[in-house]
Amino acid sequence: MKDLRLRLPFLLFGLLAVTLLAMPATAMAKHKHQDKTPGWCFVDPEEEVPSSKYDSILYSEIAPRLCEIQRTSDRVSVEVIGQSAGGRNLFLVTITNPMDKKRKRHKDKGHHKDLRKLMISDPEKALALIENYDDFNVPVFINGSIHGNEYPGTDACMRLIEYLAYDNSEAVQAILDNIILLINVVQNPDGRVLGTRANANGIDINRDMITQSQPEARATVSVITEWNPMVFLDLHDDVQPMLIEPCTPPHNPNYEYDLYLAWAWELSVAMEDELLLQKALGNLYYPYETAIIPFRDWDLGWDDWPPIYAAMYPIYHGSYGHTIETWSEESHGVDADYAVVWGALNYVVANKKEMVRDQIEVFRRGFLDLPQQLIPDYLLAETDWDQFNDLTIQEFPAAYVIPAGPPYQLSEHQAPRLVDFLLFNDVQVEEAQRSFWLDGVKYPKGTYVVWMNQPKRGMANTILDPGLDLSYIEGLYFYSPPSVWSHPYLWGAYRAVMEDRIDIKTKKVKKAKAPKGSVEKGKACAYAFLPTSLAAFKATNELLAQGVTLYRAENTFEDGGETIGAGAVIMQAGKRQALKVAKKYGLALLALRKMPEDATLLRKRSIAVYADTGVTECLKRLGFEYDTVSRNDLNSGLIINYDVFINGSRSWGGLSADGQASMASWFAAGGDYIGLRTTGTDFAIDAGIIDVDYSNAGYMNAIVNVDYDPNDSVGAGFRENGYAFVNSPVWFTRWGSGIAVSARLDAGDFLLSGFWENWQTSGANDMPVIVHQTTGKSDVSLIGIDATFRGHPENTFRIIGNAIYDGLEN
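Residues numbered from 1 in each chain as written. Predicted model: local features only at pLDDT ≥ 70, side-chain atom pairs only at ≥ 80, totals over all residues. Heavy atoms only, no water.

J.: Residue-level account of the overall build of the protein chain, with values.
T.: When helices and strands are counted, the protein chain shows 25 helices and 36 strands. In terms of overall dimensions, the protein chain is globule-like: its C-alpha atoms have a radius of gyration of 28 Å, near the 28 Å expected for 810 residues. Its C-alpha atoms give the protein chain principal-axis dimensions of roughly 85 × 65 × 55 Å. Burial analysis of the protein chain (810 residues in total) assigns 61% to the buried set. Pairs at least 24 residues apart make up 78% of the contacts formed inside the protein chain by residues separated by at least 6 positions. A total of about 31,100 Å² of accessible surface is found on the protein chain, and carbon and sulfur atoms cover 50% of it. For the protein chain, the distance from the average site of its 74 positive side-chain charges to the average site of its 105 negative ones is 11 Å. (Helix = DSSP H or I, 4+ residues; strand = E, 2+ residues; numbered from the N terminus. Rg over C-alpha atoms; globule rule 2.2 N^0.38 Å. Buried < 20%, exposed > 50% of the residue type's maximum accessible area, 1.4 Å probe, protein only. Contact = heavy atoms within 4.5 Å. Areas by Shrake-Rupley, 256 points an atom, 1.4 Å probe, with all protein chains shown as cover. Lys, Arg positive; Asp, Glu negative; His and termini not counted. Charge placed at Lys NZ, Arg CZ, Asp CG, Glu CD.)

This is the structure:
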């Protein structure tokens, strides 16, 4: 077990105070006016899990140390850019020449902030500007320890900050004169404190950058979109020899990869050279003759296809992004990180003008709707990539069209959710000032339009495009799924494609219009809302917690000549309360003339979860309370305290005899089971609670066309023709009598995008992927799609919510 050390921040303050008193009087006088200590300098003591390999800096030591550096160096400023999932501060350190803070310079002289803005608003003018002036600084972003138990990255960041804060060498002055250094000192404070890869929510932040479900990812994105850093280095460990990107294929076509690769390659070599130079000088221990540069050294397996990674996401903002994997978990790894970062900084100083020119060219291509370019032959000569080069070219449409609400969208929620995400990621969105026709469909005034002749078209397209079908590439594999992530398809938002530009008047928007909600006019004995949004589930759970009586319609029903969909939540309340609910949650409440005969009384359900963090994120978003349980909990019979068991990770054979017996008793007593993917299905089969057979497709992942049954109690709230994400997909080949089918793969070409080898001959066409059955008082639901993958496919979160409610009896 790793040693637990409790270090009180005030002890460090004492040491720093001694250091401060030992400073020259001039330095003391220089900062005498700074008599207010920021609140973030004080950190509550807590037990921490440090590195077991070397004396790593504790998280609680970072704030007071940064506080003193800021007090004693006018080169350094520190800000808190947010809090982690566990409530710990995220520190961004900015290091720049103090002259830049004091001297007033007109933007035409190349002031760095104005240049960064001009790159987006008028890339051609920005290009002309840098041709005439050298007096500008370029931002370089260093990201420390996104995986909390990969300690060296943060320690290297702290060493770099301390050196640049005080050293007066020519090399340091050159960096200060040419670079604005942005350092996210510890992107994962929770993981550093707890000694875990993930944050306090159990989420790997380095898989969250295109979902942005976690506050740490959102804070980093905010800095990236503000600064558009020219270089982004993400510090990890450990790979032997030390690994320095760029990557192997395949490459996402929404990058301007020819521009990126030209400099990323040169920068990686410069970092490798500095590492080997410091080794030769005896300044660090490194037992290898080279580094690994995947672009140069490997064929496949270390790709930059999905923008889930911290170093890949900034490429959409013009950055030369690199993941750096230091070779050692010991202090040698800190030394190596420090060396390669110095190599990168020195290279940027020598080449900033040419590098920023190509960064601006990324934005200019989008701004002027210019075509992408293939990777040049001189770079391909380093590799055997010819078969992948065409994948780096994307054909962009003229625009994407996002209608604001029903009948185009399922509810008022999907469009603003998508539009606000686009805006947060620095994509320009506009709003139609009058109605217009597109491909025979009339869209109303207020429809959102994302014109693709914009600087960050790659960012816009990677969010809005369905992705590519890569299944035809034989032998292809990825470092990590997913191969596709399309937000409209997986978030349940409808958007249309405008292939050729049409003449419509639009106006830029800064924020989407929030759902207002509505209440149907007329007399009513009750009000109902449909399960067509995550907000509907959140409202249901919060109202239940407040003691409001609610019912659920298991089937569709007629009311006053109108058909009300299955899964409708019914509230027997007056209009005033209905208006309050509609406004708070943005829901459309229907006025009912009578209660449906089969309405089920809803109640709060106690839920046990043995599954990945995608499931827990889903439950949080839907407003369900839950407990995660362990194998020991299940073996001890703890399941008897719960109504619902959601299982995506535990096999039946993994339980003891006592555990199996208690689980069988729980099923017999009416416990409800929700099984996810292969493991959850096997558990149900082995437990004998459902009669099905299935097939699966190994490690394939894709977005697939799914035919939902909206009249089914688990498929309620979905359109008949919809989509889902699959990862190691499961489809049912036999299902016994009494088993209902909630959704099945499309009977035709069901694969929309992704990587699923031989899907055409898999036999999965028209096969069920979601089934459920009621036996006595017990309900069993089996879900073969990946409805919650890493918290991303949020539209299918509603399947989980429906399955939880479906187990309630009339």
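Picking up after the structure, the text goes on.
J.: Hey, could you go over the state of the cysteines for me, with residue numbers and the actual values?
T.: Scanning all chains against the criterion turns up one disulfide. Note on cysteine connectivity: C41 is disulfide-linked to C67, with sulfurs 2.0 Å apart. The disulfide joining C41 to C67 has a torsion of about 85° about its S-S bond and is therefore right-handed. Of the two residues, C41 sits in the loop between α2 (25–30) and α3 (59–72) while C67 sits in helix α3, which places them 26 residues apart along the sequence. No difference in accessibility class separates C41 from C67, as the two residues are buried. No disulfide involves C247; its sulfur sits 20 Å from that of C157, the nearest cysteine. (Disulfide = S-S within 2.5 Å.)

J.: So what's going on with the nonpolar core? Residues and values would help.
T.: With 222 residues, the main nonpolar core has L66, L181, I183, V450, I646 and W756 as its most contacted residues. Take this core: its biggest share by element is 16 residues, from helix α13 (residues 331–367). (Core = buried A, V, L, I, M, F, W, Y, C linked by side-chain atoms within 4.5 Å.)

J.: Could you give an account of the sheet that holds strand β5 (residues 231–237), with specific residues and numbers?
T.: Read from one edge to the other, the open sheet built from seven strands follows the order β1-β2-β4-β3-β5-β9-β6, with strand pairing classed as mixed. The open sheet has two edge strands with one neighbour each: β1 (76–83) and β6 (243–244). Sheet topology note: the β6/strand β9 (residues 320–326) ladder contains two bridges and is antiparallel. Within β9, the residue paired with L243 across the bridge is E325. (Pairing = 2+ DSSP bridges.)

J.: Outline the pattern of salt bridges, supporting the account with residue identities and numerical values.
T.: Counted according to the given criterion, the structure contains 37 salt bridges. Here D134 makes a salt bridge to K353, at a shortest N to O gap of 2.9 Å. Of the two residues, D134 is situated in the loop between α6 (123–132) and β3 (138–144) and K353 in helix α13; the sequence distance between them amounts to 219 residues. A relative accessible area of 51% places D134 in the exposed class. A salt bridge links E554 to R552, with the nearest nitrogen and oxygen atoms 3.3 Å apart. A single burial state applies to E554 and to R552, both of which are buried. Residues joined by salt bridges that share partners form a network here, namely E124, E256, D258, E361, R364, R365 and R457. (Salt bridge = Lys/Arg side-chain N within 4 Å of Asp/Glu carboxyl O.)

J.: Pulling in residues and values, what's your account of the packing of helix α19 (residues 534–545) against helix α20 (residues 575–585)?
T.: Contact geometry for α19 and α20: axes closest at 10 Å, N-to-C directions at 130°. The angle between α19 and α20 falls in the class oblique. Handedness of the α19/α20 crossing: right-handed. On α20, the residues that touch A535, K538, A539, E542 and L543 of α19 are V581, K584 and Y585. In the contact of α19 with α20, the residues fall into five nonpolar, no polar and three charged. (Axes fitted to C-alpha atoms, helices over the stretch in contact; angles between N-to-C directions. Parallel < 35°, antiparallel > 145°, perpendicular 65-115°, else oblique. Left-handed = near helix turned anticlockwise from the far one by under 90°. Nonpolar A, V, L, I, M, F, W, Y, C, P; charged D, E, K, R; others polar.)

J.: So what about the layout of surface pockets? Which residues, and what values?
T.: The calculated volume of the largest pocket comes to roughly 550 Å³. Together, 23 residues line the largest pocket, and H413, R417, L534, A535 and R621 are the ones closest to its centre. Elements with a minimum of two residues in the lining of the largest pocket: α16 (414–424), α19 and α20. The dominant element in the lining of the largest pocket, judged by the number of residues it contributes, is α16, at four residues. Of the residues belonging to the lining of the largest pocket, the class tally is eight nonpolar, five polar and 10 charged. Approximately 340 Å³ is the volume found for the second largest pocket. What lines the second largest pocket is a set of 14 residues, among which G492, A493, R719, N721 and Y723 lie closest to the centre. Mapped by element, the contributors of at least two residues to the lining of the second largest pocket are α18 (487–491) and β31 (721–727). Considering every element that reaches the lining of the second largest pocket, the biggest residue donor is β31, with three residues. (1 Å grid on protein atoms, 1.4 Å probe; cavity = no way out; pocket = protein on both sides within 12 Å on 5 of 7 lines; lining within 4 Å. Points joined across faces, edges and corners; volume = space filled by probe spheres on them.)

J.: Explain the pairing of β1 to me, using residue names and the numbers behind them.
T.: Where β1 lies against strand β2 (residues 89–95), seven bridges are found, and the strand directions are antiparallel. In the strand pairing of β2, V80 is matched with F91. In this structure, the hairpin formed by β1 and β2 is closed by a connection of five residues, where G87 is found at a positive phi of approximately 85°.

J.: So what's going on with the sheet that holds strand β14 (residues 448–451)? Residues and values would help.
T.: An order of β15-β10-β14-β11-β16 is seen for the five strands of this open sheet, with the pairing classed as antiparallel. The open sheet has two edge strands with one neighbour each: β15 (496–498) and β16 (506–508). Sheet twist, expressed as the mean angle between neighbouring strand axes with direction ignored, is 30°. The sheet contact formed by strand β11 (residues 430–432) and β16 spans three bridges and is antiparallel. Bridging from a neighbouring strand, E430 pairs with K508 of β16. Its contacts with the sheet place α16 against β10 (399–402) and β14, and it is angled at close to 140° to β10.

J.: So what's going on with empty space enclosed by the protein? Residues and values would help.
T.: By the definition in use, this model includes five cavities of 30 Å³ or more. Of the volumes computed, that of the largest cavity is approximately 110 Å³. Looking at the largest cavity, it is lined by 15 residues, and the ones nearest its centre are N252, N254, D465, G467 and W485.

Scope: geometric values only; no functional claims are made or implied.
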